[in-house]
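Analysis of the macromolecular model
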Amino acid sequence: MITQALILSAILFALGTFGVLVRRNAIIMFLCIELQLNAVNVAFVAFSRLVGIEGQVFVFFVMTVAAAEAAVGLAIIISIFRHYETVNVDNFNLLKW
Amino acid sequence: MVEIFFYIFAATALGGGLGVVLSKSPVGSLLMMVVSLASLAGVFVLLEAHFLAAIQVIVYAGAIMVLFLFVIMLLNLGHDYQQDLKWGAFSVLSFAVAGGLAGILAREVGGDWQIADGVVPPGGRAIDAAVREHGAVGAIAEPLFTTYVVPFEITGILLLVAIVGALALAKRNVS
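Residues numbered from 1 in each chain as written. Chains lettered and ligands numbered in written order. Predicted model: local features only at pLDDT ≥ 70, side-chain atom pairs only at ≥ 80, totals over all residues. Heavy atoms only, no water.

In terms of regular secondary structure, chain B is built from 6 helices and 0 strands. The linear arrangement of helices and strands in chain B, starting from the amino end, is α-α-α-α-α-α. Sequence-distant contacts in chain B: of pairs separated by 6 or more residues, those separated by 24 or more amount to 56%. Taken as a whole, chain B presents about 10100 Å² of accessible surface, with 72% of it coming from carbon and sulfur. (Helix = DSSP H or I, 4+ residues; strand = E, 2+ residues; numbered from the N terminus. Contact = heavy atoms within 4.5 Å. Areas by Shrake-Rupley, 256 points an atom, 1.4 Å probe, with all protein chains shown as cover.)

Put into structure tokens, the structure is as follows:
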């Protein structure tokens, strides 16, 4: 069960990475980052079966940081949208060389 | 029985994750994410983390996903069906990188934790004892408010900073 959960976590993390790489919609890229955070949470909970309650405490912290990150990130997306009228990251090329 | 439920939840979580990546509409993507998060809550229950499963449903699938939905509605992207997937060589390369990552991670972390059926691993035994003594919430709250009280307080400050930052960023006319 722990092994299967860790493999599920690895596949979910890779799926999130794939999503961040191929999608161009900033909000969906952000959702894929949340997917990666959740994959790590699954790994933490699985390891807490081996090591102790600390894994679950860390998942608690990860969730709090994810909530803060979602709030700030979505605010940044809103203010970028006001400027460019789009959330497609291909249009944000100010720093592109 | 537990194994069967685990595989059902794992398949739903992976299907939901695929839906997030491949869905055309942002709202569809978001609802797939809710499916994925709910089935991960099921996985947490099967791994005996009942409090975290409840938090996963209430905070993640409830609060954070509704925040995403609000932003999609606010920016009026609900019927923005233009295909924004990058196909071609880049997606093949990304798939190779992500697949390689999955393979390496699964080999490194998923390898040698074979625990015989019916044997509770040491951490699981400690958690079960703590749950019996303090209850499902108390088992997490006890280390959270004793050993990890400083990180906990810092997290509170982080949330305050995030609130102020989100307000300052999203305010309409910054002068």
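Let us now look at unusual backbone geometry. Even without being glycine, Glu85(A) reaches a positive phi, approximately 60°. By the secondary structure assignment, Glu85(A) is in the segment after helix 3 (54-84). A positive phi is found at Glu48(B), a non-glycine position, where the angle reads about 65°. Secondary-structure assignment places Glu48(B) in the loop between helix 2 (26-46) and helix 3 (50-74).

To continue, consider the pattern of salt bridges. Enumeration according to the criterion identifies 2 salt bridges over all chains in this entry. Residues Asp90(A) and Arg24(A) are paired through a salt bridge, measuring 3.7 Å at the closest nitrogen-oxygen approach. You can see Asp90(A) sitting in the segment after helix 3 and its partner Arg24(A) sitting in the loop between helix 1 (2-22) and helix 2 (26-51), a full 66 residues away along the chain. Of the charged contacts in the structure, one is a salt bridge between Arg49(A) and Asp128(B), with a shortest N-O distance of 3.9 Å. Residue Arg49(A) is found in helix 2, and its partner Asp128(B) is found in helix 5 (residues 122-145); the two belong to separate chains. With relative accessibility at 24%, the residue Asp128(B) sits in the partly exposed group. (Salt bridge = Lys/Arg side-chain N within 4 Å of Asp/Glu carboxyl O. Buried < 20%, exposed > 50% of the residue type's maximum accessible area, 1.4 Å probe, protein only.)

All chains considered together, the criterion is met by 9 aromatic pairs over all chains. Each ring, one from Tyr84(A) and one from Phe92(A), has its centre 5.2 Å from the other, and the planes form 45°; the classification is tilted. Given a relative accessible area of 32%, Tyr84(A) falls into the partly exposed group. Taking relative accessible area as the criterion, Phe92(A) reaches 26% and is therefore assigned partly exposed. Here the aromatic rings of Phe6(B) and Tyr7(B) are separated by 5.9 Å at their centres, their planes lie at 75°, and the arrangement is edge-to-face. Of the aromatic side chains, those joined through ring pairs into one cluster are Phe44(A), Phe58(A) and Tyr148(B). (Phe/Tyr/Trp six-rings, centres within 6.5 Å; stacked < 30°, edge-to-face > 60°.)

It is worth spelling out the packing of helix 2 of chain B against helix 3 of chain B at this point. Two quantities define a packed helix pair, namely the angle between the axes and the distance from one axis to the other. Residue and element names in this part refer to chain B. Put simply, helix 2 and helix 3 touch, their axes get as near as 8 Å, and they point 175° apart. Looking at the two axes, helix 2 sits roughly antiparallel to helix 3. Of the residues in helix 3, those in contact with Pro26, Val27, Leu30, Met33, Val34, Leu37, Leu40, Ala41, Phe44 and Val45 of helix 2 are His50, Leu52, Ala53, Gln56, Val57, Tyr60, Ala61, Met65, Phe68, Leu69 and Ile72. (Axes fitted to C-alpha atoms, helices over the stretch in contact; angles between N-to-C directions. Parallel < 35°, antiparallel > 145°, perpendicular 65-115°, else oblique.)

Here helix 5 of chain B spans only 23 Å end to end across 24 residues, well under the 34 Å set by a 1.5 Å rise per residue. Taking the largest bend as the criterion, helix 5 of chain B deviates by roughly 115°, centred on His134(B). Where helix 5 of chain B is concerned, the buried positions are Gly123(B), Gly124(B), Ile127(B), Ala130(B), Gly138(B), Ala139(B), Ile140(B), Pro143(B) and Leu144(B). Looking at the packing, one finds that the buried side of helix 5 of chain B touches helix 2 and helix 3 of chain A together with helix 3 and helix 6 (149-170) of chain B. (Expected span 1.5 Å × (residues − 1). Bend = angle between axes of the 7 residues up to and from the residue.)

The next subject is the environment of Arg49(A). With a relative accessible area of 9%, Arg49(A) lands in the buried category. Taking C-alpha positions, Arg49(A) is 7.6 Å from Ile2(A), a pair spaced 47 residues apart along the chain. For Arg49(A), the contacting residues outside a window of four places in its chain are Ile2(A), Leu47(B), Glu48(B), Val120(B), Pro121(B), Pro122(B), Gly123(B), Gly124(B) and Asp128(B).

Take the domain arrangement of chain B next. Considered domain by domain, chain B is made up of domain 1 (1-114) and domain 2 (118-175). If you average the C-alpha positions of domain 1 of chain B and of domain 2 of chain B, the two centres end up 22 Å apart. (Domains from an automatic or database assignment.)

Looking now at the interface of chain B and chain A. In this complex, chain B contributes 83 residues to the contact, which on the side of chain A involves 69 residues. A combined buried area of about 6900 Å² lies between chain B and chain A, and 79% of that area is made up of carbon and sulfur atoms. When the buried surface of chain B facing chain A is broken down by residue, Leu47(B), Phe68(B) and Asp84(B) rank first, second and third, together holding 10% of it. Contributing elements (two or more residues each) for the side of chain B that touches chain A: helix 1 (2-22), helix 2, helix 3, helix 4 (89-109), helix 5 and helix 6 of chain B. (Buried area = accessible area lost by both parts, 1.4 Å probe.)

This next bit is on the confidence of the model for chain B. For chain B, per-residue confidence averages 84 on the pLDDT scale, and residues scoring 70 or more make up 90% of the total. Overall fold confidence for the complex sits at a pTM of 0.87, while the interface term, ipTM, reaches 0.89. (pLDDT = per-residue confidence, 0-100.)

A few words on the side chain of Ser29(B). Its location among the elements puts Ser29(B) in helix 2. Residue classification places Ser29(B) among the buried residues on the basis of a relative accessible area of 0%. Residues within four places of Ser29(B) in sequence aside, it is in contact with Ile28(A), Leu31(A), Gly19(B), Val20(B) and Ser23(B).

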